[in-house]
Amino acid sequence: MSDTQSSPTLAELVLQVRKSREYGRLTDAIPYARFMGIGVEHLAGEMLCRMTYTPKLIGNSFLPALHGGTLGALLECSAIFELLLQTETQRVPKVISLTVDFLRSGKAQDTFARAFITRQGRRVANVRVEAWQDDRTRPIASANALFLLAEP
Amino acid sequence: MERCSLFYTDIVPHNHALGLKLLDIGPAEAVVELPYADFLVGNPETGVIAGGAVTTLIDAACGSAVILRFGRFLPLVTLDLRIDYLRPARPGASLTAVAECYRATRQVAFVRALVHQGDKSNPVASAQGTFMRLEE
């Protein structure tokens, strides 16, 4: 991105990315997503999140397995990006509560997640998210999250 | 304390990458700090740390409390974790998780945790989780 123009606010960026589908511009604007290697991709007509594997995501070096916290982070980021890109909200939604079930250990490889908004009200949204690696029908973690949406 | 601190060095790469520090331990209790850092920010407009980093802090603190409860190193897996955010975190300040393993059976351990920013009576988050011992 050019530095000669003042960079857009997050709300402006969200509006631009909804149209252009240059998802990297949004995930790049969120330092933690950049650090974790979490990005948004449009694959076969649906929006997915990918957490690109790097050794710093490992929690157990002996197995090796991804840190449980990284799976929680991917699920939560995926829900936030779904809300930012598919609803009217232009501010990062605030998580109220998050429940994560760890179903299988995460291998040292890329992990995908898909979020589904199960209910969206004026102030609160419920989102269900699943994460998988090789086989989508065998998720490695799932979450239910409740978010407070910013006033439009 | 020194042996448990190993979980916060590069033996557990992700704890190390986040900068987690073990501050204190008890018989079934662990106090872990997540220092504030710009790369942890989840909302660039407010500077508030991403929930994902808080989830990792809680998972690490709870896992340590379980290890301390069993009194020796055991391979563990997190079965589930529920986190309630009680108030927004203050940007610029570190977060401290206090985790307690309040019940452990032969296979399953139950843990609760509170996350605060210096004032334990005004926590940022409250959490509850279950862990399981892997077979040896």
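Quick note: structure is the one above.
Report follows, based on the coordinates. Just so it is clear, the model here is predicted, and its values are computed rather than measured.

Here we look at the overall build of chain A
Now for step 1: Counting its secondary structure elements, chain A contains 4 helices and 8 strands.
Now for step 2: For chain A, the N- to C-terminal ordering of α and β elements is α-α-α-β-β-β-β-α-β-β-β-β.
Now for step 3: For a compact globule of 152 residues, the expected C-alpha radius of gyration is about 15 Å, and chain A comes in at 16 Å, within 12% of that figure.
Now for step 4: By principal-axis analysis of the C-alpha atoms, chain A measures approximately 45 × 40 × 30 Å.
Now for step 5: When burial is assessed residue by residue, chain A has 50% of its 152 residues classed as buried.
Now for step 6: Taken as a whole, chain A presents about 7,400 Å² of accessible surface, with 50% of it coming from carbon and sulfur.
Now for step 7: Counting 18 positive and 15 negative side-chain charges, chain A places the centres of these two groups 4 Å from one another.

Side note on the environment of Ala143 of chain A
Residues and elements named next belong to chain A.
Now for step 1: Mapped onto the fold, Ala143 is located in strand β8 (residues 141-148).
Now for step 2: Of the residues examined, Ala143 reaches a relative accessible area of 1% and is grouped as buried.
Now for step 3: Note: C-alpha distance between Ala143 and Glu76 (67 residues apart in sequence) is 8.0 Å.
Now for step 4: Not counting residues up to four positions away in its chain, the partners in contact with Ala143 are Leu75, Leu98, Thr99, Val100, Val127, Arg128 and Val129.

Points about the pairing of β8 of chain A
Residue and element names in this part refer to chain A.
Now for step 1: Two strands pair when backbone bridges link them, and strand β5 (residues 94-102) and β8 are joined in this way by 8 bridges, in the antiparallel orientation. If you follow Lys94 over to β8, its bridge partner there is Leu148.
Now for step 2: Where strand β7 (residues 124-132) and β8 come together, 8 bridges link them in antiparallel fashion. Looking at the pairing, Glu130 lines up with Ser142 of β8.

A few points about the nonpolar core
Now for step 1: Ranked by internal contacts, the top residues of the largest apolar core, which has 89 residues, are Leu26, Tyr32 and Phe81 of chain A together with Leu34, Ile58 and Leu95 of chain B.
Now for step 2: The residues touching Tyr32 of chain A, leaving out its near neighbours within four places in the chain, are Ala73 and Cys77 of chain A together with Phe39, Leu40, Val41, Gly42, Ala50, Gly52, Ala53 and Thr56 of chain B.

Some thoughts on the packing of aromatic side chains
Now for step 1: The tally for this structure, following the rule as stated, stands at 4 aromatic pairs over all chains.
Now for step 2: Aromatic side chains Phe35 of chain A and Phe39 of chain B sit 4.6 Å apart centroid to centroid with 45 degrees between the ring planes, which places their arrangement in the tilted category. Of this pair, Phe35 of chain A sits in helix α3 (residues 31-36) while Phe39 of chain B is found in the loop between β2 (29-34) and β3 (41-43), placing the two residues in two different chains.
Now for step 3: Look at Phe35 of chain A and you get buried, because its relative accessible area is 14%.
Now for step 4: Residue Phe39 of chain B is classed as partly exposed on the basis of its relative accessible area, which comes to 31%.
Now for step 5: Centroid distance Phe112 of chain A to Trp132 of chain A: 6.2 Å. Interplanar angle 25 degrees. Geometry classified as stacked. Of the two residues, Phe112 of chain A is situated in strand β6 (residues 111-120) and Trp132 of chain A in strand β7; the sequence distance between them amounts to 20 residues.
Now for step 6: What makes Phe112 of chain A buried here is its relative accessible area of 16%.
Now for step 7: With relative accessibility at 7%, the residue Trp132 of chain A sits in the buried group.

Overview of the interface of chain A and chain B
One frequent convention defines the size of an interface as the accessible area lost when the parts assemble.
Now for step 1: At the interface, 31 residues of chain A touch 31 residues of chain B.
Now for step 2: Interface of chain A and chain B: buried area, both sides summed, is about 2,500 Å²; carbon and sulfur atoms make up 60% of it.
Now for step 3: Three residues, Tyr32, His67 and Phe102 of chain A, lead the burial of chain A against chain B; their summed loss comes to 23% of the area buried on that side.
Now for step 4: Inspection of the region where chain A meets chain B yields 0 salt bridges.
Now for step 5: Remark: the boundary between chain A and chain B carries 12 residue pairs in polar contact (both at pLDDT 80 or more).
Now for step 6: Those elements that place two or more of their residues in the side of chain A that touches chain B are α1 (10-20), α3, β3 (58-60), α4 (68-86) and β5 of chain A.
Now for step 7: A breakdown of the residues in the side of chain A that touches chain B according to their chemical character gives 18 nonpolar, 9 polar and 4 charged.
Now for step 8: Relative to strand β5 (residues 76-85) of chain B, β5 of chain A is paired through 5 bridges, and the arrangement is antiparallel. Its bridge partner being in β5 of chain B, Thr99 of chain A is matched across the sheet by Arg82 of chain B.

What counts and what doesn't
- Residues numbered from 1 in each chain as written.
- Chains lettered and ligands numbered in written order.
- Predicted model: local features only at pLDDT ≥ 70, side-chain atom pairs only at ≥ 80, totals over all residues.
- Heavy atoms only, no water.
- Helix = DSSP H or I, 4+ residues; strand = E, 2+ residues; numbered from the N terminus.
- Rg over C-alpha atoms; globule rule 2.2 N^0.38 Å.
- Buried < 20%, exposed > 50% of the residue type's maximum accessible area, 1.4 Å probe, protein only.
- Areas by Shrake-Rupley, 256 points an atom, 1.4 Å probe, with all protein chains shown as cover.
- Lys, Arg positive; Asp, Glu negative; His and termini not counted.
- Charge placed at Lys NZ, Arg CZ, Asp CG, Glu CD.
- Contact = heavy atoms within 4.5 Å.
- Pairing = 2+ DSSP bridges.
- Core = buried A, V, L, I, M, F, W, Y, C linked by side-chain atoms within 4.5 Å.
- Phe/Tyr/Trp six-rings, centres within 6.5 Å; stacked < 30°, edge-to-face > 60°.
- Buried area = accessible area lost by both parts, 1.4 Å probe.
- Salt bridge = Lys/Arg side-chain N within 4 Å of Asp/Glu carboxyl O.
- Polar contact = N/O pair within 3.5 Å; in protein donor to acceptor, adjacent residues only side chain to side chain.
- Nonpolar A, V, L, I, M, F, W, Y, C, P; charged D, E, K, R; others polar.

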